[in-house]
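A structural walkthrough
The lines below spell out each chain.
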Amino acid sequence: MAGAGPPDFTVSIGYDRRLYEHDISGSIAHARMLAAQGVIPAADADRIVAGLKEIRGEIAAGEFPWRPELEDVHMNIERRLAEKIGDAAGRLHTARSRNDQVALDMRLYAREACARMLGRLHGFREILARAARDHQDAALPGYTHLQRGQPVLLAHHLLAYFEMLGRDAERFEQAALRADSMPLGSGAMAGSPYPLDRRSVAAELGFGRVSANSMDAVSDRDFVVDVLSASAICMMHLSRLGEELVLWSSDEFGFVRLADWCTTGSSMMPQKRNPDCAELTRGRTGRAYGNLVAVLTTLKGLPLTYNRDLQEDKEALFDSVDTLADCLEVCAAMVATMTVDRDAMRAASASGPMLATDYADHLAARGMPFRQAHGIVAAISRDAEGAGRAITDLSLDELRVYSELFDEDVLGLGVDSSIDARDVEGGTARPRVAAAARDALGEAASGLERSAAALGGALAGQVRAARDGLLEMASGLGA
Ligand code: ARG
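In this report, we go over the structure that sits alongside the text. Not measured: the values here are computed from a predicted model.

**Some words on the site of the ligand**
- Around the ligand, the neighbouring residues are Ser12, Asp72, His74, Arg98, Asn99, Val102, Tyr306, Arg308, Gln311 and Lys314.
- A distance of 2.8 Å separates a nitrogen atom of the ligand from a polar side-chain atom of glutamine 311.
- Separating an oxygen atom of the ligand from a side-chain N or O atom of lysine 314 is a distance of 2.5 Å.
- For the ligand, whose free accessible area comes to 340 Å², the fraction covered by protein is 87%.
- At three residues, helix H5 (residues 98–134) tops the list of elements feeding residues into the shell around the ligand.
- Class assignment for the residues of the shell around the ligand results in two nonpolar, four polar and four charged.

**As for helix H13 (residues 356–365)**
- Taken together, the buried positions of H13 are Ala356, Asp358, Tyr359, Ala360, His362 and Leu363.
- Just downstream of H13 lies glycine 367, where phi reads positive at about 105°.

**A closer look at the environment of glutamate 204**
- Take glutamate 204: it is sitting in helix H7 (residues 198–204).
- Residue class for glutamate 204 comes out partly exposed when judged on its relative accessible area of 42%.
- The contact partners of glutamate 204, leaving out residues within four places of it in the chain, are Ile28, Ala29 and Arg32.

**Concerning the packing of aromatic side chains**
- In total, this model carries five aromatic pairs according to the counting rule given.
- Note on phenylalanine 253 and phenylalanine 255: the rings are 5.5 Å apart at their centroids and 85° apart in plane angle, and the pair reads as edge-to-face. Of the two residues, phenylalanine 253 and phenylalanine 255, neither departs from the other in class, the shared state being buried.
- In this structure an aromatic cluster arises from ring pairing among Tyr143, Phe253 and Phe255.
- In this structure, arginine 18 is placed above the aromatic ring of phenylalanine 318, and the distance from its NZ or CZ to the ring centre is 4.6 Å.
- Taking the ring centre of phenylalanine 162 as reference, the NZ or CZ of arginine 125 above it sits at 3.8 Å.

**Some remarks on the packing of helix H10 (residues 276–299) against helix H11 (residues 313–337)**
- Interhelical geometry of H10 versus H11 gives an angle of 155° and a closest axis separation of 9 Å. When the interaxial angle is binned, H10 and H11 end up roughly antiparallel. Our pair here, H10 against H11, has a crossing hand that is left-handed. Contacts between H10 and H11 pair Cys277, Ala278, Thr281, Arg284, Arg287, Ala288, Asn291 and Val295 from the former with Asp313, Ala316, Asp319, Ser320, Thr323, Cys327, Val330, Cys331 and Met334 from the latter.
- For the contact of H10 with H11, the residue count by class is nine nonpolar, four polar and four charged.

**A word on the nonpolar core**
- Ranked by internal contacts, the top residues of the largest apolar core, which has 126 residues, are Phe124, Phe172 and Leu238.
- When residues of this core are assigned to their parent elements, the largest contribution, 18 residues, is made by H5.
- Setting aside chain neighbours within four positions, we find phenylalanine 172 in contact with Cys114, Met117, Leu118, Leu121, Val227, Ala230, Ser231, Cys234 and Leu324.
- Core analysis: the second largest hydrophobic core is formed by 16 residues, Tyr359, Met368, Ile376 and Leu394 among them.

**A look at the pattern of salt bridges**
- Counted under the stated rule, the structure contains 39 salt bridges.
- One salt bridge in this structure joins glutamate 83 and arginine 80, with 2.8 Å as the shortest N-O distance. Linking glutamate 83 with arginine 80, this pair stays in helix H4 (residues 73–85), spanning three residues, or about one helical turn.
- Here glutamate 83 falls in the partly exposed class, since its relative accessible area comes to 42%.
- Among the ionic pairs, aspartate 358 bridges to arginine 422, the shortest N-O distance being 2.7 Å. Taken together, the positions of aspartate 358 in helix H13 and arginine 422 in the loop between helix H16 (415–421) and helix H17 (430–455) put the pair 64 residues apart, joining distant regions of the chain.
- Taken together, the salt bridges that share partners define one network made up of Glu54, Glu58, Arg67, Arg80, Glu83 and Lys84.

Basis of the calculations
Residues numbered from 1 in each chain as written. Predicted model: local features only at pLDDT ≥ 70, side-chain atom pairs only at ≥ 80, totals over all residues. Heavy atoms only, no water. Near = heavy atom within 4 Å. Polar contact = N/O pair within 3.5 Å; in protein donor to acceptor, adjacent residues only side chain to side chain. Areas by Shrake-Rupley, 256 points an atom, 1.4 Å probe, with all protein chains shown as cover. Helix = DSSP H or I, 4+ residues; strand = E, 2+ residues; numbered from the N terminus. Nonpolar A, V, L, I, M, F, W, Y, C, P; charged D, E, K, R; others polar. Buried < 20%, exposed > 50% of the residue type's maximum accessible area, 1.4 Å probe, protein only. Contact = heavy atoms within 4.5 Å. Phe/Tyr/Trp six-rings, centres within 6.5 Å; stacked < 30°, edge-to-face > 60°. Lys NZ or Arg CZ within 6 Å of the ring centre and 35° of its normal. Axes fitted to C-alpha atoms, helices over the stretch in contact; angles between N-to-C directions. Parallel < 35°, antiparallel > 145°, perpendicular 65-115°, else oblique. Left-handed = near helix turned anticlockwise from the far one by under 90°. Core = buried A, V, L, I, M, F, W, Y, C linked by side-chain atoms within 4.5 Å. Salt bridge = Lys/Arg side-chain N within 4 Å of Asp/Glu carboxyl O.

Written out as structure tokens, the structure reads:
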């Protein structure tokens with residue numbers, strides 16, 4: 001604790017109280033192990049465990065007397081335990097330091113956060129897969145440079161996000177696995193002179209491993225960076241989706257109507273339906289990036305082992321986890337409840353210039369080198385545009401002025417033929433996308449089970465519960 005000086009500077013209780021359940025679980029496992037190893041009397045361990053359980057109840061009920069002068073969650077709980085059970089409380093900190101204690105709490109928190117994110121990611125993937133299944137025949141323009149490029153299926157577009165979120169899930173699985181290392185027994189940093197059974201503590205707390213190096217265990221926070229990094233990348237994906245929903249729901253595009261719950265009116269302009277939830281998702285991405293850079297910067301150049309700088313990992317981690325959890329929920333619900341205007345999408349994808357590539361492919365299929373075909377169709381497009389016409393308005397005779405290779409098949413080119421022509425693995429042809437949507441539905445379910453199995457134990461249940469919660473929330477909104 002800090003000595004006399006400016007008050008509150010070292011205090012973290014305002015935010016680290018969130019770790020109370022992890023802190024208490026760790027203390028209970030530690031006390032039981034100390035008794036089992038004969039380090040402290042069993043009767044004292046029993047008092048400690050009973051007292052800690054009472055404290056857990058007090059905190060959950062909002063009746064715990066948090067004291068900022070005790071600085072952090074660890075000291076608050078330990079002092080309260082002393083008030084409850086007297087001197088026996090002093091045995092809890094045998095063979096332990098706040099350094100390995102906080103390293104434990106943060107790993108427990110990080111692993112649960114990964115479980116929660118994984119559940120939401122798989123729930124969102126389920127919603128995307130269902131939307132892809134339900135919008136099999138909706139075509140929309142695919143864009144590059146935000147200019148209309150080639151027609152694609154809406155389902156294909158949605159499944160692009162399905163893929164991104166699948167990689168995000170892999171990152172959270174890996175982050176959870178890397179945090180799966182039980183640090184207690186590291187003491188302040190050198191290890192412990194007591195005959196500890198670290199493996200039994202690890203097993204009781206649901207860890208698969210104990211940390212291999214006490215100095216590493218108390219001083220690194222790379223597992224925090226892993227979660228922050230996975231969160232930042234996932235937020236980047238959500239911000240792109242948010243941006244697309246902003247665009248698609250605008251009058252300029254008019255492709256979707258977002259549900260009422262995620263739009264707001266303007267205080268001045270009565271006609272407005274502002275896509276606030278999509279915009280806030282886009283905007284909150286900045287926090288996730290900031291948190292990642294903040295913790296990387298805090299860790300940079302720290303000498304081994306523990307330094308108080310490490311206390312700065314918490315607000316960043318909590319904020320990124322909260323932000324992403326909210327945004328996953330909101331984005332999933334926006335997709336699940338949006339109304340698609342298929343006619344507007346199809347009309348936009350049928351606009352003349354969209355088929356220019358197909359015209360060039362038509363010539364290439366008849367023997368012309370593609371580069372040359374590209375040049376000819378560019379010229380046709382330019383001339384047609386100059387005359388206020390679309391390339392698709394030109395007759396075969398008009399086209400043949402540019403190349404004799406045009407034949408009547410060119411007149412059959414349209415949105416559907418263009419889409420179906422992209423019949424490669426990963427392409428937008430209707431049979432390909434129908435198969436991809438079927439696979440996605442299966443994969444959303446098997447991915448959930450893979451993540452649950454990878455995390456194992458109680459975390460597996462948390463993965464499934466988070467996924468079910470997200471789907472329930474979406475159906476509560478009428479999805
Ligand atoms: N509140 C501290 C943190 O978050 C706990 C560890 C304090 N350890 C110490 N030696 N001062 O890092």
